[in-house]
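Each chain, written out:
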Amino acid sequence: AQKITQTQPGMFVQEKEAVTLDCTYDTSDQSYGLFWYKQPSSGEMIFLIYQGSYDEQNATEGRYSLNFQKARKSANLVISASQLGDSAMYFCAMRPDSNYQLIWGAGTKLIIKP
Amino acid sequence: AAGVIQSPRHLIKEKRETATLKCYPIPRHDTVYWYQQGPGQDPQFLISFYEKMQSDKGSIPDRFSAQQFSDYHSELNMSSLELGDSALYFCASSLRQGRADTQYFGPGTRLTVL
């Protein structure tokens, strides 16, 4: 079965601290892509970062990095030096190469405290 | 950079009415996706088009139909609206032949059925 699990429904983090959002996945595909999206309260869905299953290095995009541990089937998002504007819902998603559809996790609601 | 455009941004309809949502993908993207997101839920895939042909079908009700036109814009037609159709509807586009096939989302159309 293809599945994404995000075990943290909600998190509170102090501003300027780093935060790790957990994501584990299950797929029988050898080739797949992993994505993180941010959804602020305004509703838009913003692409943050991508990791391919054959990428040897962890993906980074500015303050976002993806801690990819293939053997453990985890793809955690790390946000460094959190800001108030990081408060949002964060979704982890997977696209197996056998299927063009995204498989979504339930999301983690992140609240940054001043 | 150009983004996905959706119109209208907000729509209020009565039960049993029809609605048409429009989507203009990022230029040169070859795939369009439609999603429905209820409150507190992850996006549910409805349907996708690759090079103007229907590609995949998800949990799209029979009351809904969609198409992609020669200029690559897409429309989601919703008939006999029900209260449960109230949701945020996203269109996303991607370049399927690209490395990551990353889906970029539009701002969404918030549909309220009264």
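Figured I'd write up the structure that's included with this text.

Calculation criteria
- Residues numbered from 1 in each chain as written.
- Chains lettered and ligands numbered in written order.
- Predicted model: local features only at pLDDT ≥ 70, side-chain atom pairs only at ≥ 80, totals over all residues.
- Heavy atoms only, no water.
- Helix = DSSP H or I, 4+ residues; strand = E, 2+ residues; numbered from the N terminus.
- Rg over C-alpha atoms; globule rule 2.2 N^0.38 Å.
- Buried < 20%, exposed > 50% of the residue type's maximum accessible area, 1.4 Å probe, protein only.
- Pairing = 2+ DSSP bridges.
- Contact = heavy atoms within 4.5 Å.
- Polar contact = N/O pair within 3.5 Å; in protein donor to acceptor, adjacent residues only side chain to side chain.

## Describing the overall build of chain A
Thought 1: A tally of regular secondary structure across chain A gives zero helices and twelve strands.
Thought 2: Reading the helices (α) and strands (β) of chain A from amino to carboxyl end gives β-β-β-β-β-β-β-β-β-β-β-β.
Thought 3: Relative to its length of 114 residues, chain A is compact, with a C-alpha radius of gyration of 14 Å against a globular reference of 13 Å.
Thought 4: Based on the C-alpha atoms only, the size of chain A along its principal axes is roughly 45 × 25 × 20 Å.

## Details of the pairing of strand β7 (residues 64–68) of chain B
Residues and elements named next belong to chain B.
Thought 1: In β7, alternate side chains face the same way, and those of Phe64, Ala66 and Gln68 are buried while those of Ser65 and Gln67 on the opposite face are not.
Thought 2: With five bridges connecting them, β7 and strand β8 (residues 74–78) associate as antiparallel partners. Counterpart to serine 65 in the pairing with β8 is asparagine 77.
Thought 3: In this antiparallel pair of consecutive strands, β7 and β8, the connection spans five residues, and tyrosine 72 shows a positive phi of 75°.

## Comments concerning the environment of aspartate 101 of chain B
Thought 1: Mapped onto the elements of the fold, aspartate 101 of chain B is located in the loop between β9 (87–94) and β10 (104–105).
Thought 2: Every residue in contact with aspartate 101 of chain B, bar those within four places of it in the chain, is listed here: Phe35, Arg95 and Tyr100 of chain A together with Tyr33, Ser94, Leu95 and Arg96 of chain B.
Thought 3: Polar contacts involving the side chain of aspartate 101 of chain B include one to the side chain of serine 94 of chain B, which spans 2.7 Å.

## A closer look at the pairing of strand β4 (residues 31–37) of chain B
All names here are of chain B.
Thought 1: Here β4 lies mainly inside the structure; six of its seven residues are buried.
Thought 2: Pairing of β4 with strand β5 (residues 44–50), which is carried by six bridges, proceeds in the antiparallel orientation. Residue pairing across strands places glutamine 36 opposite glutamine 44, the latter belonging to β5.
Thought 3: The loop that links β4 with its antiparallel partner β5 comprises six residues; one of these, glycine 40, has a positive phi angle of about 70°.
Thought 4: Note: β4 against β9, seven bridges, orientation antiparallel. Within β9, the position partnered with glutamine 36 by the bridge is tyrosine 89.

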